Amino acid sequence: MGKVALITGASRGIGKAIALKLASVGCDVAITYAGNTEAAQNTLSEIEKYNVKAKAYKFDVSNKEEVEENIAKIIEDFNQIDILVNNAGITRDDLFIRMTDDKWNDVINTNLNSAFYVSKPVVKLMMKQRSGSIINTTSIVGVYGNIGQANYCAAKAGLIGFTKSLAKELGLRGIRVNAVAPGFIETDMTKDLPNKEEFLKIISLKRMGTADDVASAVKFLALDAEYVTGQVLEVDGGMLI
Ligand code: NAP
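Residues numbered from 1 in each chain as written. Predicted model: local features only at pLDDT ≥ 70, side-chain atom pairs only at ≥ 80, totals over all residues. Heavy atoms only, no water.

1. Topic: the site of the ligand
Right, on to step 1. Around the ligand, the structure places 31 residues, and the nearest of them are Ser 11, Gly 35, Asn 87, Tyr 152 and Thr 187.
Right, on to step 2. For the ligand, an oxygen atom lies 2.7 Å from a polar atom in the side chain of Arg 12.
Right, on to step 3. One nitrogen or oxygen atom from the side chain of Tyr 152 is found 2.5 Å from an oxygen atom belonging to the ligand.
Right, on to step 4. Coverage of the ligand by the protein amounts to 93% of the 900 Å² it exposes when considered alone.
Right, on to step 5. Of all elements in the fold, only helix H1 (13-24) and helix H6 (150-170) reach the threshold of two or more residues within the shell around the ligand.
Right, on to step 6. Among the residues forming the shell around the ligand, the class breakdown is 13 nonpolar, 14 polar and four charged. (Near = heavy atom within 4 Å. Polar contact = N/O pair within 3.5 Å; in protein donor to acceptor, adjacent residues only side chain to side chain. Areas by Shrake-Rupley, 256 points an atom, 1.4 Å probe, with all protein chains shown as cover. Helix = DSSP H or I, 4+ residues; strand = E, 2+ residues; numbered from the N terminus. Nonpolar A, V, L, I, M, F, W, Y, C, P; charged D, E, K, R; others polar.)

Right, dumping it as structure tokens:
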């Protein structure tokens, strides 16, 4: 295939599934993570069976200097980046009235500012390549809002505006920019959520999504959807129609 994919937050969950999916079709993969080295090493071990080049990079996506340093390293190691998946993200939920500055800033920095920091050097490279595909992991709550998640929804809605604006700016350079908006997906992020049964009532497909469900949508946007840009693909089992 000869393509290189960079996936942030790929030690676990959705990012890991995306890395495995893209490796399974022959992409070389650079994965990043925050601190869970054991999980990142496990992801690399699982990728081994696909006989592609794979490396892991530990840095905080909300720290501009760390991002710049590590993206430069990734470009040096892989020479090109064809697919960027801005996936790393966190939740710090609370009702708005109780939301602290720290909770607000942590989520905006990690889920939104990170996409600005990571995309900047990657877009510069893609502009030289005159091709590339960027996929931002937003969320259905970024489209519809959610109680207790004003910080997270603001960041995810911001990513949608970011996606559409970059799609308009970069189309003429051969770069497509899209977003996936997962619904209720089984990962560490959702493992402690109360009232799971309540969610299932409103999901048309009557099951939670898997990380692999999201990875399939990302692969479609990254590799198959050659005439699709600026779109938000909702992967929520028909939770919000
Ligand atoms: P997860 O299982 O909690 O995994 C989060 C990943 O992001 C890990 O690889 C983690 O690295 C990395 N990460 C977290 N903070 C970071 C930071 N500051 N710098 C670098 N890496 C960082 O999450 P997930 O459920 O797979 O979610 C992935 C994305 O999908 C997120 O953007 C999330 O908002 C979005 N999403 C998830 C759902 C859902 O239902 N799960 C729904 C909609 C959207 P470590 O392993 O080193 O901590």
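Moving on from the model shown.
2. Focus: the side chain of Thr 137
Right, on to step 1. Mapped onto the fold, Thr 137 is located in strand E5 (residues 132-137).
Right, on to step 2. In terms of polar contacts, Thr 137 uses its side chain to reach the side chain of Asn 87, at 3.3 Å.
Right, on to step 3. Filtering out sequence-adjacent residues up to four positions away, Thr 137 remains in contact with Val 85, Asn 86, Asn 87, Lys 156, Leu 159, Val 180 and Pro 182. (Contact = heavy atoms within 4.5 Å.)

3. Quick notes on the nonpolar core
Right, on to step 1. By size, the foremost hydrophobic cluster in this structure holds 33 residues, and its most contacted members are Ile 7, Ile 18, Leu 22, Ile 83 and Val 180.
Right, on to step 2. Of all the secondary structure elements, the ones that give two or more residues to this core are strand E1 (4-7), H1, strand E2 (28-33), helix H2 (37-47), strand E4 (83-86) and helix H8 (211-224).
Right, on to step 3. Per-element tally for this core: the top contributor is H8, with eight residues.
Right, on to step 4. Leave out the neighbours within four places in its chain, and Ile 83 touches Val 4, Ala 5, Leu 6, Leu 22, Cys 27, Met 126, Ser 133, Ile 135, Ala 222 and Leu 223.
Right, on to step 5. The next biggest cluster of nonpolar side chains, apart from the first, holds 28 residues, and it includes Phe 59, Ile 81, Val 118 and Phe 162. (Core = buried A, V, L, I, M, F, W, Y, C linked by side-chain atoms within 4.5 Å. Buried < 20%, exposed > 50% of the residue type's maximum accessible area, 1.4 Å probe, protein only.)

4. Side note on the pairing of strand E6 (residues 175-182)
Within a regular beta strand, the side chains point alternately toward one face of the sheet and then the other, so they alternate between its two faces.
Right, on to step 1. Burial analysis of E6 places eight of its eight residues in the buried class, the great majority of the element.
Right, on to step 2. Burial along E6 is two-sided: the face carrying Ile 175, Val 177, Ala 179 and Ala 181 and the face carrying Arg 176, Asn 178, Val 180 and Pro 182 are both buried.
Right, on to step 3. Where E5 meets E6, six bridges bridge the pair, whose relative direction is parallel. Its bridge partner lying in E6, Ile 134 is registered against Val 177.
Right, on to step 4. As judged from the four bridges shared by E6 and strand E7 (residues 232-235), these two strands associate in the parallel manner. Within E7, the residue paired with Pro 182 across the bridge is Val 235. (Pairing = 2+ DSSP bridges.)

5. Some points on the pairing of E2
Right, on to step 1. Counting buried positions over the six residues of E2 gives five, a clear majority of the element.
Right, on to step 2. The pairing of E1 with E2 spans four bridges and is classified as parallel. Looking at the pairing, Val 4 lines up with Asp 28 of E2.
Right, on to step 3. Taking the sense of rotation as the criterion, the β-α-β connection linking E1, H1 and E2 turns out right-handed. (Right-handed = clockwise from strand over helix to strand, strands pointing away.)

6. Focus: the environment of Ala 39
Right, on to step 1. Inspection of the secondary structure assignment puts Ala 39 in helix H2.
Right, on to step 2. According to the relative accessible area criterion, Ala 39 is buried, its value standing at 12%.
Right, on to step 3. Non-local contacts of Ala 39, meaning those with residues more than four positions away in its chain, are made with Ser 11 and Arg 12.

7. Here we look at the environment of Gly 2
Right, on to step 1. Structurally, the position occupied by Gly 2 is in the segment before E1.
Right, on to step 2. According to the relative accessible area criterion, Gly 2 is exposed, its value standing at 54%.
Right, on to step 3. When the C-alpha atoms of Gly 2 and Cys 27 are compared, they prove to be 6.4 Å apart, with 25 residues separating the residues in sequence.
Right, on to step 4. Excluding residues that lie within four positions of it along the chain, Gly 2 makes contacts with Gly 26, Gln 80 and Asp 82.

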